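Chains, contacts and geometry: an overview
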Amino acid sequence: MNDSVRIAPPPGYGALVALDRTKHRGLAPRNPLPFGGKLNALYITGTEFPLAARYYPIVFVKDSGRDAYVSMVVTALTAGENLFVDEAGQWVRDVYVPAYARRYPFCVAQVLDDGGEPRQNLICVDEGALERSDKPLIDARGEPTEAWHAIDRFLTEMEGARLHTERLCRALEDLDLLEPFEAQAFVNDGGKFHLKNMYRVTEERLRKLSGDVLEELVANSDLGRVYAHLLSLDNFKFLVDRAATRRATA
């Protein structure tokens, strides 16, 4: 990789480098591999909405860097906390873990050309999360193992889901379906939580869409995801319960 290429790490990652068959041979992610304990929101793709909606509020956030909306799950009511990750840094059992967390320490970065257009996708890794292993991702000859092929397939699937989610977010914006909202809560010990800068789909505007537009949303599997998002907003009250329990046992 050209040393002049700088890769901005996604939230929760350390410094990123391009995955290298020579440099990273004999290595694998640490086990156990903590991730996300300080993230009160994580990116999520549209394909994950139905499962994630069982546990987390799904909201939309304006990414000022790209001037576009992105979808995220809310995992806590305060910054620097994740109510679904325990003190050991492990996700609690029996909840859906977003793909964004499961792909760590890898990610896909876009290398841009001089005109700012995507030139290629680059698989990157947070080197601090790798260690020597008898089950490496790249063997002593520099060849990828089956363990790496499984990760590679997952990253490819996630990248495809990300592109579909970008299209969903653009459609919701173009149809003027998103409205800003805030979430406030109080717990018994007097604590107060206040989340801002979130967006949700407006049901009133959704109901006024023409039949042709609704048919297109159905054909793209978007309508079901929209309603999964709307149903998920009830999970804010469960976040309050989790926060109160954690504060009571701290």
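A short tour of the structure in this document, coming up. Counting of residues starts from 1 at the beginning of each chain's written sequence and follows it residue by residue. With pLDDT at 70 or above as the cut-off, local features in this predicted model cover only qualifying residues; side-chain atom pairs require 80 or more to be listed or tallied, and sums for whole chains, interfaces and linings still use all residues. Derived side-chain values reflect all non-hydrogen atoms in the structure, with water molecules and hydrogen atoms excluded from consideration.

**Thoughts on helix 6 (residues 222-232)**
Because each turn of an α-helix spans 3.6 residues, side chains separated by three or four positions end up pointing in the same direction. Per-residue accessibility, obtained with a 1.4 Å probe over protein chains only, is compared with the maximum for each type, and a residue is labelled buried under 20%, exposed over 50%, and partly exposed between these values. Secondary structure follows DSSP: runs of H or I at least 4 residues long count as helices, runs of E at least 2 residues long count as strands, and numbering of each begins at the N terminus. For helix 6, a buried count of eight out of 11 residues is recorded, marking the element as mostly surrounded by other parts of the structure. Taken residue by residue, helix 6 has Asp222, Leu223, Arg225, Val226, Ala228, His229, Leu230 and Ser232 as its buried positions.

**Observations concerning unusual backbone geometry**
Residue Asn31 is joined to Pro32 through a cis peptide bond whose omega torsion reads 0°. Mapping Pro32 onto the fold places it in the loop between strand 2 (27-29) and strand 3 (41-43). A positive phi angle, near 55°, is found at Asp176, a position not held by glycine. Residue position: Asp176 is located in the loop between helix 3 (146-174) and strand 9 (178-186). What makes Asp176 partly exposed here is its relative accessible area of 47%. Here the phi dihedral of Asn197 falls at roughly 60°; this positive angle occurs in a residue that is not glycine. Taking the relative accessible area as the measure of exposure, Asn197 reaches 63% and is therefore exposed.

**Observations regarding the pairing of strand 5 (residues 68-74)**
Most of strand 5 sits inside the fold, with six of its seven residues counted as buried. One requirement defines pairing of two strands: DSSP has to find at least two bridges between them. With three bridges connecting them, strand 3 and strand 5 associate as antiparallel partners. For Tyr43, the partnering residue across the bridge sits in strand 5 and is Met72. Relative to strand 5, strand 4 (residues 58-63) runs antiparallel, the two sharing six bridges. The residue of strand 5 that forms the bridge with Ile58 is Val73.

**Observations regarding the side chain of Ser71**
You can see Ser71 is positioned in strand 5. Assessed through its relative accessible area of 2%, Ser71 is described here as buried. As used in this structure description, the phrase polar contact means that two N or O atoms lie within 3.5 Å; if the pair is within protein, one of them must be able to donate a hydrogen and the other to accept it, and residues adjacent in sequence are counted only when both atoms belong to side chains. Engagement of the side chain of Ser71 in a polar contact is seen with the backbone oxygen of Ile44, the distance being 2.6 Å. Contacts are assigned to residue pairs that have any heavy atoms within 4.5 Å of one another. Apart from the residues lying within four places of it in its own chain, the contact partners of Ser71 are Leu42, Tyr43, Ile44, Phe49, Val59, Phe60, Thr165 and Cys169.

**Notes on the packing of aromatic side chains**
Two aromatic rings, drawn from Phe, Tyr or Trp (for Trp, its six-membered ring), form a pair once their centres lie within 6.5 Å of each other, and the interplanar angle then sorts them: stacked below 30 degrees, edge-to-face above 60, tilted otherwise. Using the criterion set out here, one finds 12 aromatic pairs in the structure. The interplanar angle of 80° and the centroid separation of 5.0 Å between the aromatic rings of Tyr69 and Tyr199 together place this pair among those described as edge-to-face. Remark: Tyr199 occurs in strand 10 (residues 192-201) and Tyr69 occurs in strand 5; sequence separation between them is 130 residues. Relative accessible area serves as the criterion here: at 13%, Tyr69 is assigned to the buried category. Aromatic rings pair up to connect Tyr13, Phe35, Tyr43, Tyr100 and Tyr104 into one cluster. Across the ring face of Tyr69, the terminal group of Lys62 is positioned such that the distance to the ring centre comes to 4.9 Å. Geometrically, a lysine NZ or arginine CZ counts as sitting over a ring once it is within 6 Å of the ring centre and also within 35 degrees of the ring normal.

**Comments concerning the nonpolar core**
Among the nonpolar cores identified, the biggest contains 62 residues, and Val201, Leu206 and Phe236 are the most heavily contacted of them. Not counting chain neighbours up to four residues away, the residues in contact with Val201 comprise Phe60, Leu172, Leu177, Leu178, Leu206, Val226, His229 and Leu230. Ala28, Phe106, Val125 and Leu155 belong to the second-largest nonpolar core, a separate cluster that totals eight residues. Nonpolar core, defined: a set of buried Ala, Val, Leu, Ile, Met, Phe, Trp, Tyr and Cys residues in which side-chain atoms within 4.5 Å join the residues together.

**Re the pattern of salt bridges**
Take a side-chain nitrogen of Lys or Arg and a carboxyl oxygen of Asp or Glu: if they are within 4 Å of each other, that pair is a salt bridge. In the structure shown here, the tally under the stated rule is 14 salt bridges. Arg21 serves as the salt-bridge partner of Glu143, at 3.8 Å between the closest nitrogen and oxygen. With Glu143 in the loop between strand 8 (130-132) and helix 3 and Arg21 in the loop between strand 1 (16-18) and strand 2, this pair connects stretches of sequence that are 122 residues apart. One connected set of salt bridges, linked through shared partners, spans Glu159, Arg162 and Glu166.

**Re the environment of Leu178**
Turning to its location among the elements, Leu178 is positioned in strand 9. Beyond its immediate stretch of four places on either side in the chain, Leu178 contacts Phe60, Tyr69, Leu172, Glu173, Tyr199, Arg200, Val201, Thr202 and Arg205.

**So, the side chain of Asp139**
Note that Asp139 resides in the loop between strand 8 and helix 3. If we ignore the near neighbours within four places in the chain, the residues touching Asp139 are Arg25 and Thr145.

**With respect to empty space enclosed by the protein**
Empty space among the atoms becomes apparent when a probe as large as a water molecule is rolled across them. A cavity here means a set of points on a 1 Å grid, drawn over the protein atoms and nothing else, where a 1.4 Å probe fits but cannot get out; a pocket is an open set with protein on both sides within 12 Å along at least five of seven lines, and a residue lines either one if it has an atom within 4 Å of a point. Grid points are joined across faces, edges and corners, and a volume is the space filled by probe spheres set on the points. Here the structure, examined in full by the defined rule, presents one cavity of 30 Å³ or more. Approximately 30 Å³ is the volume attributed to the largest cavity. Lining the largest cavity, in full, are Leu19, His24, Leu27, Phe106, Leu130, Leu137 and Ile138. Here the lining of the largest cavity is built from residues that sort into six nonpolar, one polar and no charged. Under the grouping applied here, Gly and all other residues not named as nonpolar or charged are polar, the nonpolar ones being Ala, Val, Leu, Ile, Met, Phe, Trp, Tyr, Cys and Pro and the charged ones Asp, Glu, Lys and Arg.

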